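Each chain, written out:
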Amino acid sequence: MRAYRLLTAEDTSAFCHKVTEALSKGWELYGSPAYAHDPATGTMRCAQAVIKDVDGAYDPEVRLGSL
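Residues numbered from 1 in each chain as written. Predicted model: local features only at pLDDT ≥ 70, side-chain atom pairs only at ≥ 80, totals over all residues. Heavy atoms only, no water.

(A) Examining the overall build of the chain more closely. What the chain contains, in helices and strands, is one helix and three strands. The order of α-helices and β-strands along the chain, N terminus first, is β-α-β-β. For the chain, the spread of C-alpha atoms along the three principal axes comes to 40 × 25 × 20 Å. Counting all 67 residues of the chain, 24% fall into the buried class. Considering only contacts within the chain whose residues lie at least 6 apart along the sequence, 57% involve residues at least 24 apart. Entry remark: accessible area of the chain is about 4800 Å², with carbon and sulfur atoms responsible for 54%. (Helix = DSSP H or I, 4+ residues; strand = E, 2+ residues; numbered from the N terminus. Buried < 20%, exposed > 50% of the residue type's maximum accessible area, 1.4 Å probe, protein only. Contact = heavy atoms within 4.5 Å. Areas by Shrake-Rupley, 256 points an atom, 1.4 Å probe, with all protein chains shown as cover.)

Structure below.
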């Protein structure tokens, strides 16, 4: 099965650490990052999709971050 996650966070180094942690656990970048202004908070937000091939069938109860 191929798992998909969309990592999001405010535009700080914490976002880069979140992506780096996912890469260190075997996730791969999928597409380009996105960057947008969040008018509700007045901050910039980042998003990056990642994918990972894992054994087993899809289960909506699985926490994707634990794969």
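(B) Representation of the sheet that holds strand 2 (residues 28–38). Strand order in the open sheet formed by three strands is 1-3-2, with antiparallel pairing between adjacent strands. A single partner strand is all that each edge strand has here, and the edge strands are strand 1 (2–10) and strand 2. With direction set aside, neighbouring strand axes in the sheet form an average angle of 15°. Examined bridge by bridge, strand 2 and strand 3 (residues 43–53) share eight bridges and lie antiparallel to one another. Counterpart to Tyr35 in the pairing with strand 3 is Cys46. In the packing of helix 1 (residues 13–24) onto the sheet, the strands contacted are strand 1, strand 2 and strand 3, and the crossing angle to strand 1 comes to about 160°. (Pairing = 2+ DSSP bridges. Axes fitted to C-alpha atoms, helices over the stretch in contact; angles between N-to-C directions.)

(C) A look at the environment of Val50. Looking at where Val50 falls in the secondary structure, it is placed in strand 3. Between the C-alpha atoms of Val50 and Arg63, which are 13 residues apart in sequence, the distance is 14 Å. Those residues within four positions of Val50 in sequence are excluded, and the remaining contacts are Ala3, Tyr4, Arg5, Leu7, Trp27, Glu28, Leu29 and Tyr30.

(D) View of the packing of aromatic side chains. Per the stated rule, a full pass over the model turns up one aromatic pair. Ring centres 6.3 Å apart and planes at 90° place the aromatic pair Tyr4 and Tyr30 in the edge-to-face group. In this pair, Tyr4 sits in strand 1 while Tyr30 sits in strand 2, placing the two residues 26 residues apart along the sequence. Looking at Tyr4, the relative accessible area reads 45%, which means it is partly exposed. In this structure, Arg5 packs its charged tip against the face of Trp27, placed 5.2 Å from the ring centre. (Phe/Tyr/Trp six-rings, centres within 6.5 Å; stacked < 30°, edge-to-face > 60°. Lys NZ or Arg CZ within 6 Å of the ring centre and 35° of its normal.)

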